[in-house]
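A closer look at the structure
In case you want the letters, here they are:
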Amino acid sequence: MEGNSTAGSFTPLQQFSVADLVVIVTYFSLNLAVGIWSSCRVNRNTVSGYFLAGRDMAWWPIGASLFASSEGSGLFIGLAGTGAAGGIAVTGFEWNATYALLALAWVFVPVYISSGIVTMPEYLQRRFGGERIRMYLSGLSLLLSIFTKISTDLYSGALFVQVCLGWNLYLSTVLMLLVTGLYTIAGGLVAVIYTDALQTLIMVLGAIVLAVKAFNAIGGYSNLEEAYLKAVPSKIVPNTTCHLPRADAMHLFRDPISGDLPWTGMTFGLSIMATWYWCTDQVIVQRSLSARSLSHAKAGSILASYLKMLPLFVIIMPGMISRVLFPDAVACVDPEECTRVCGAAVGCSNIAYPKLVVELMPSGLRGLMIAVMMAALMSSLTSIFNSSSTLFTMDIWRRMRPGASERELLMVGSCGITLGGAFPRSPPSTPWTAHHRDTWMALVQLPRIAGRQLKDSQPCETPLSPLSGPGSAASTPLSCCASIFSAMLTLPSPLSAPRKRGIGGKMGIQVIIFGQVRDSGSLKSLVQ
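Rules of the game
- Residues numbered from 1 in each chain as written.
- Predicted model: local features only at pLDDT ≥ 70, side-chain atom pairs only at ≥ 80, totals over all residues.
- Heavy atoms only, no water.
- Helix = DSSP H or I, 4+ residues; strand = E, 2+ residues; numbered from the N terminus.
- Core = buried A, V, L, I, M, F, W, Y, C linked by side-chain atoms within 4.5 Å.
- Buried < 20%, exposed > 50% of the residue type's maximum accessible area, 1.4 Å probe, protein only.
- Contact = heavy atoms within 4.5 Å.
- Disulfide = S-S within 2.5 Å.
- Expected span 1.5 Å × (residues − 1).
- Bend = angle between axes of the 7 residues up to and from the residue.
- Patch = residues over 30% accessible without salt bridge, like charges linked within 9 Å, V, L, I, M, F, W, Y side chains within 5 Å.
- Areas by Shrake-Rupley, 256 points an atom, 1.4 Å probe, with all protein chains shown as cover.
- Salt bridge = Lys/Arg side-chain N within 4 Å of Asp/Glu carboxyl O.
- Axes fitted to C-alpha atoms, helices over the stretch in contact; angles between N-to-C directions.
- Parallel < 35°, antiparallel > 145°, perpendicular 65-115°, else oblique.
- Nonpolar A, V, L, I, M, F, W, Y, C, P; charged D, E, K, R; others polar.
- Polar contact = N/O pair within 3.5 Å; in protein donor to acceptor, adjacent residues only side chain to side chain.

To continue, consider unusual backbone geometry. In the Ramachandran plot, asparagine 239 falls in the positive-phi region, its phi being about 65 degrees despite a non-glycine side chain. Among the structural elements, asparagine 239 can be located in the loop between helix H10 (224-229) and helix H11 (263-280).

Here it is in structure tokens:
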């Protein structure tokens, strides 16, 4: 508890020891070595080799890459901060991925393989017909990426480096972008996937080390709930309860009316978003399409599902422990105090994870945790850059230049990664998914949220989530009805002829694509 007196003090630059520097240099060297080694394993002079790793990836790097691509630095900062502010219910965002990943491998990937696609907008074109929807979704997703994934990851990564090292935000951001772009351009998807596997190992080991030290600092897991409920800052806002930890902090399933993350929204509403991200996002699907067989794609999803169970124990609970150890800093509620501590008047829960690293990790291990956050940031950015360049090259550039050679497409893809700050993750695989989800959720929830906000006008009360209450349960059947209605209004366009050659030389599995039976065929034969 002595750390309570250190509120507002960041680790000065002189505490960055030689051992920390050695660990970070070793991390970057390993990263570049793996990137160079992996880029020599696949023929990168073909579209399939560059954008889909030659469709010859094994299950273990695919599973590790699926995990690393989703666990960006934003999640380390955000999950730990949310855990510090409200408890373990945020775990639902991670655990929803477990069954969505299984749906990806067993339901969606066979359909994507059968249609012979490279990008998700390409699948939309084959399903609904026409070029405009493909161009529209590709362009829109590239634009939106600037304001969502990339900007969030860059900020959270730079925040961590600033807190731990005292480096300038822009300097650290530019350095990580340069290293990221170097092996992403040189090696294509295969380099991204293998470096993601290395970064997954670093992330998991580093996070486990920090979690063990954090639990030791409070006397073990058995003391977590009691200590968390007593983690109150010394300076509070009078006549409010915002400084008090939530009584249901250790509950995964919370009240559908008064809960900040109610079980109805986390079960039904969040499932829609999980299906969109894990089953139709270009970053995720592209990794599954690179598998050498359907069995490897399934095994990769299973590995990623297991890895997604870890954040509760290695990120969220350490965030709660950070509040216990440093309540005046992490749990501050007074605007003036928060501004002094972290420069944000609305609260400082975002520094929960960096604060643990600064205060608990000795020399050398602190460098390991800095490498962990860099790994999280870089794995997320490389995945986005590669997938976004695929979208731009295959959906937009080929439309503008139908006669472009394969060499030209590869050059455009490399240039697209260079301009990766403007490139995104892909949109949903159907035009109604995100639109109807947000529309129905807003219509059902907006009056209730507005009424609650008018009633509870205290300055530090946490607003309810749009996933709140019984209305979130109604969003699932409403969205399903909207999707069925949209599909009935649109006739499927003809797909390629059924393949007779199956996976592993045997007869390919039969899949149903909107009422049409197709043979999935071999993963490699589909691109020949």
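So, on to the nonpolar core. Membership of the largest hydrophobic core comes to 102 residues, with the highest contact counts inside it found for Tyr27, Phe76, Leu224, Trp278, Tyr353 and Met374. Per-element tally for this core: the top contributor is helix H9 (residues 169-218), with 13 residues. Not counting the four nearest positions on each side in its chain, tryptophan 278 is found in contact with Leu66, Ser70, Ala97, Ala100, Leu101, Leu104, Ile284 and Lys308.

Taken as a whole and judged by the stated rule, the model has two disulfides. A sulfur-sulfur separation of 2.3 Å characterises the disulfide bridge that pairs cysteine 332 with cysteine 338. One quick way to see it: the torsion about the S-S bond of cysteine 332 and cysteine 338 is about 130 degrees, and its sign makes the bridge right-handed. This pair shows no difference in class: cysteine 332 is buried, exactly as cysteine 338 is. Here cysteine 342 pairs with cysteine 348 through a disulfide, and the sulfurs are 2.0 Å apart.

In this section: helix H5 (residues 91-115). Taking 1.5 Å of rise per residue, the 25 residues of H5 would be expected to cover 36 Å, and the 35 Å separating its terminal C-alpha atoms lies within 8% of that figure. If you look at H5, its biggest bend is around 45 degrees, right at phenylalanine 108, and the proline proline 110 turns up within four residues after that. Following H5 by one or two positions, glycine 116 adopts a phi angle in the positive range, close to 70 degrees.

A cluster of nonpolar side chains, contributed by Leu102, Trp106, Val107, Ile302 and Tyr306, occupies part of the molecular surface with about 510 Å² of accessible area. Broken down by secondary-structure element, the contributors of at least two residues to the nonpolar patch are H5 and helix H13 (294-307). With three residues, H5 is the largest single contributor of residues to the nonpolar patch. Within the fold, leucine 102 resides in helix H5.

Where helix H3 (residues 59-70) contacts helix H12 (residues 282-289), the two axes come as close as 10 Å, and the packing angle between them is 175 degrees. Classified by the angle between their axes, H3 and H12 sit roughly antiparallel to one another. Contacts from Ile62, Ser65, Leu66 and Ser69 of H3 reach H12 at Val283, Ile284 and Arg287. Its residues placed into classes, the contact of H3 with H12 shows four nonpolar, two polar and one charged.

Tracing the backbone through its elements, the reader meets lysine 308 in the loop between H13 and helix H14 (311-325). By relative accessible area, lysine 308 is classed as buried at 2%. A polar side-chain atom of lysine 308 sits 2.8 Å from a polar atom in the side chain of glutamate 94. Sequence-distant contacts of lysine 308, that is, excluding residues within four places in its chain, are made with Phe67, Ser70, Glu71, Glu94, Trp95, Ala97, Leu101 and Trp278.

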